[in-house]
Every structure is written in structure tokens, then in C-alpha cells.
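Results of the structural survey
If you want the building blocks of each chain, they are given just below.
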Protein chains: 2
Amino acid sequence: MAPSAPKTQYFTASSLDGFVATPDHDLGWLLQFGDVGSGYGAFYEQVGALAMGSSTYTWLLRHHVRPEGQAPQPWPYAVPAWVFSSRELPTVDGADVTFARGDVRPVHAAMVAAAAGKNIWIVGGGDLAGQFLDAGLLDELIVQVVSVTLGAGVPLLPRRVATPPLRLASATPYGAAWVELRYEVPKGAA
Amino acid sequence: MAPSAPKTQYFTASSLDGFVATPDHDLGWLLQFGDVGSGYGAFYEQVGALAMGSSTYTWLLRHHVRPEGQAPQPWPYAVPAWVFSSRELPTVDGADVTFARGDVRPVHAAMVAAAAGKNIWIVGGGDLAGQFLDAGLLDELIVQVVSVTLGAGVPLLPRRVATPPLRLASATPYGAAWVELRYEVPKGAA
């Protein structure tokens, strides 16, 4: 069977009211569910390269790789990563990270080559996903809608994608805690 | 069989990114689907009274009851309605509308009495639903998540309901166009 064409996917958790993080980047609302992201394993298996913005990267360093007062953990991704930033950021030993800035298109081409037939994961934030959308490079939006509202925070996707609309491909509830919504991005959404 | 206890429900359409209206109150994103709200009929059958805020009411007057350059239509609801407003608003002939302001609790008691065992519908906007939530009077959140993002607009529910979280009761997709998510509001969410 021929493999399906690689896809560029924005996979993220979000509150019901469309925020991927609180204003102060507290993750208690998300971590209370423990196993949020049980769909994540199957998703990540198909990922060959990933991209994130500088806020996501520095959050990851501060809370995971070099947490204050806790044991440091290794960089969590084996696949090559691109970090978009207009400023100089600290590096992580042993992490396959390339820093980038500006136009996402040449970076996307490099990611596709590195992914060797596997998918491209846009980790976040929403504005970086929006830049891939603007360039016509985003194929799918996969949102774990967690059963909370936050009232304020960092927006899921600060873009209008309405006419043509997204196409809901599936809605998979995980108990009472969250529902995974998968959307195809229409051609011409940019 | 004894009827189940009447519920107070916030039933609304929303974009995936948590907006119930665009900044300029354009509804093209919603109306393009034509039959959005096919779950609405079964829902509305169980409604015995409803409440809305002044923005929702004036929108209804301007676009439905007295649309500029188009034939006026009758007030759309047979059940008694309460409109919350701190200012004087025009009335509609033949509409069972009571104007209210301030604390939602006495109004809720009057609505429960008028509904005679049926449910209470909070039509919107999000802040009015939030006031019922704050008072511990909101039982369910029923959101038709339409397959669009708007990027900006009127928030679904400008409140934090996170610990304890909402409880996802069901997720029902309607083709590629939208998914109805039903949540129970936990006691102590206020």
C-alpha cells in the first residue's frame, strides 16, 4: 500500500473557549487530567519534523528541560525541530534544534525533506500555526478540546478561517475530560 | 415516569476558537451552513422560559423582527422571555418579554415558575450566561461548535471554569459542518 502524502498538522490542546494557555502560563487546568493526550502517542508516531515558536520553546526549557528547583529532563523530541525566533535563545545539549526566523516557506521545505515522508507537526503557538496557514501550508488542525473554560489567555489560532470553512473530519470524546476534534483546512483558506 | 428536574442551559453556536459573534456581528460564518441548529428543535421543545442580554435582543430586533429593507418577522419565541438591560429598549407587539436588570437570582426564580417544569434557556451573550454561572444557577452548556475560526469577536463565556472542570456529556458531529458538545457544569464552579 502506498503511504499517504505527508501532512502538516497543528496538534494542540485547547480550552473550550479557544485558549491554549492561561495569561500566566499555568497548566493546572490541563495537567489535572493526567492522561490528556492519549491520542498523542499515535499522532507523534507519524511525525518526522516539528516547529514551534519562541514562547513555546522557552516554556519548554523553563518547565521541562531546566525546571527551577527540580531535576532537569532531556529534550523531549527525537525528530528534528525548528524554533522560530527573532531573538537569540539558549540551546539544549543533544537536541536537534535549528533556529529560524521570517518566512515559514523555506523552513517548511527543509522540514518536509527532513521528515522523509512523515508528517510535520506545528506544536504552537497559534500565531506560528497561523503563519503556516497564511502560506497555504497547513493541512490539518487537531484540537484536544479540554473540558474547561479559561476566560482569557493565548489564542488557539488568531486567524479567520470561515469561508470556505474548515471540514470536521472526526470528533472523538475521551470520557468527560476532553474531545479530540480533527479538521481539514480547505485549500484557499489563507 | 417522573419528569427530570428542569435545567438551566446555555445553548449557543460558537466558532472553534470560542466566539459567538464576529466583532461586527456578521453571521455569514454561521448562516453558510443553513441547517446549523438541527439539534435546536429537540432542544427548544423542552424550553419553558428564556433569558437574553441587551445585545442579543437588539441584534434580534435589527436583523429579524425589524430588518432594514426587508419584511419584518414576528418575535420568534412563544415562551416567556426575560431581557436583561440597564437601559430602556424598544418593545415588540405580541412578544411576551419582561425587562430586567441586576441580580439574576430573583429573575431565575420567576423564570422557573413560568417554565412550569420545563427548562430555562440562556440565549446569550456569554456574559449573561456567566452571571447565571456565578450565581450557581447554570446546569448545562450546550455548544454547537461550528467548523470555523473567527480570530476575534464576542467571547463564548468570559469566565474561568477549570477546577473542578466541566464534564463532557456528549459530542455529536453533524457532518463536516459542526459538532454539538454538551457539558454539565460542576457544583462549585462559581
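Up top is the structure.
Reading the values: the criteria
- Residues numbered from 1 in each chain as written.
- Chains lettered and ligands numbered in written order.
- Predicted model: local features only at pLDDT ≥ 70, side-chain atom pairs only at ≥ 80, totals over all residues.
- Heavy atoms only, no water.
- Helix = DSSP H or I, 4+ residues; strand = E, 2+ residues; numbered from the N terminus.
- Rg over C-alpha atoms; globule rule 2.2 N^0.38 Å.
- Buried < 20%, exposed > 50% of the residue type's maximum accessible area, 1.4 Å probe, protein only.
- Least-squares fit on C-alpha atoms with pLDDT ≥ 70 in both.
- Contact = heavy atoms within 4.5 Å.
- 1 Å grid on protein atoms, 1.4 Å probe; cavity = no way out; pocket = protein on both sides within 12 Å on 5 of 7 lines; lining within 4 Å.
- Points joined across faces, edges and corners; volume = space filled by probe spheres on them.
- Nonpolar A, V, L, I, M, F, W, Y, C, P; charged D, E, K, R; others polar.
- Arc of directions from axis to C-beta.
- Pairing = 2+ DSSP bridges.
- Axes fitted to C-alpha atoms, helices over the stretch in contact; angles between N-to-C directions.
- Salt bridge = Lys/Arg side-chain N within 4 Å of Asp/Glu carboxyl O.
- Polar contact = N/O pair within 3.5 Å; in protein donor to acceptor, adjacent residues only side chain to side chain.
- Parallel < 35°, antiparallel > 145°, perpendicular 65-115°, else oblique.

Scanning chain A for helices and strands turns up 5 helices and 10 strands. Radius of gyration (C-alpha) of chain A: 16 Å, near the 16 Å computed for a compact globule of 190 residues. Principal-axis analysis of the C-alpha atoms gives chain A an extent of 45 × 40 × 35 Å. The proportion of buried residues among the 190 residues of chain A is 52%.

Taken as rigid bodies, chain B and chain A are interconverted by a rotation of 180° and an axial shift of 0.0 Å, the fit giving an RMSD of 0.0 Å. What we have between these two chains is a two-fold relation. Taking C-alpha positions as reference, the residue of chain B nearest the rotation axis is G18 of chain B, located at 2.5 Å. Counting the interface residues of chain B, we find that 100% of their copies in chain A are interface residues as well, pointing to one common contact surface.

Moving on to empty space enclosed by the protein. Scanning the entire structure with this criterion turns up 1 cavity of 30 Å³ or more. Along its surface, the largest cavity is lined by L16, V145 and L181 of chain A together with S14, S15, L16, V145 and L181 of chain B. Residues of the lining of the largest cavity, tallied by class, amount to 6 nonpolar, 2 polar and no charged.

The next subject is helix α3 (residues 54-65) of chain A. Residues and elements named next belong to chain A. Along α3, the positions that sit buried rather than exposed are S54, Y57, T58, L60, L61 and V65. In a view along the axis of α3, the buried residues occupy a sector of 150°, so they form one face of it. Buried residues along α3 sit against β3 (47-53), β4 (81-84) and β5 (97-100).

Residue and element names in this part refer to chain B. Read across the sheet, 8 strands follow the order β5-β4-β3-β6-β1-β7-β10-β9 without closing on themselves; strand pairing throughout is mixed. In the strand order of this sheet, the two ends are held by β5 (97-100) and β9 (167-174), each with one partner. Going from strand to strand, the sheet's axes swing by 20° on average, the running direction of each strand aside. Pairing between β9 and strand β10 (residues 178-184): 7 bridges, direction antiparallel.

As a further point, take unusual backbone geometry. Each neighbour pair has its own omega, and for G124 of chain A with G125 of chain A the value is 0°, a cis peptide bond. Position of G125 of chain A relative to the elements: it lies in the loop between β6 (119-124) and α5 (126-134). With phi around 60°, H25 of chain A is a residue other than glycine that occupies positive phi space. Inspection of the secondary structure assignment puts H25 of chain A in the loop between β2 (19-21) and α1 (28-31). Classification of H25 of chain A as partly exposed rests on a relative accessible area of 31%. With a phi angle near 50°, A116 of chain B is a residue other than glycine that sits in the positive phi range.

It is worth spelling out the interface of chain B and chain A at this point. Taken residue by residue, the interface counts 36 residues in chain B and 36 residues in chain A. Measuring nitrogen to oxygen at the nearest pair gives 3.5 Å for the salt bridge that ties R160 of chain A to D26 of chain B. The tally of links from chain B across to chain A stands at 13 residue pairs in polar contact (both at pLDDT 80 or more). Elements with a contribution of two residues or more to the side of chain B that touches chain A: β7 (140-146), β9 and β10 of chain B. Among the residues forming the side of chain B that touches chain A, the class breakdown is 23 nonpolar, 8 polar and 5 charged.

Residue and element names in this part refer to chain A. In terms of burial, β6 is a largely internal element, 6 of the 6 residues being buried. In terms of strand pairing, strand β1 (residues 8-15) meets β6 through 3 bridges, oriented parallel. Bridged to T8 within β6 is I120. Here β3 runs beside β6; their pairing, made up of 5 bridges, is parallel. Bridge pairing in β6 places L50 opposite W121.

All names here are of chain A. Across the interface, helix α4 (residues 104-115) lies against α5 with an axial gap of 10 Å and an inter-helix angle of 90°. One finds that α4 runs roughly perpendicular with respect to α5. For the pair α4 and α5, the contacting residues are V104, H108 and M111 in the first and L128, Q131 and F132 in the second. Class assignment for the residues of the contact of α4 with α5 results in 4 nonpolar, 2 polar and no charged.

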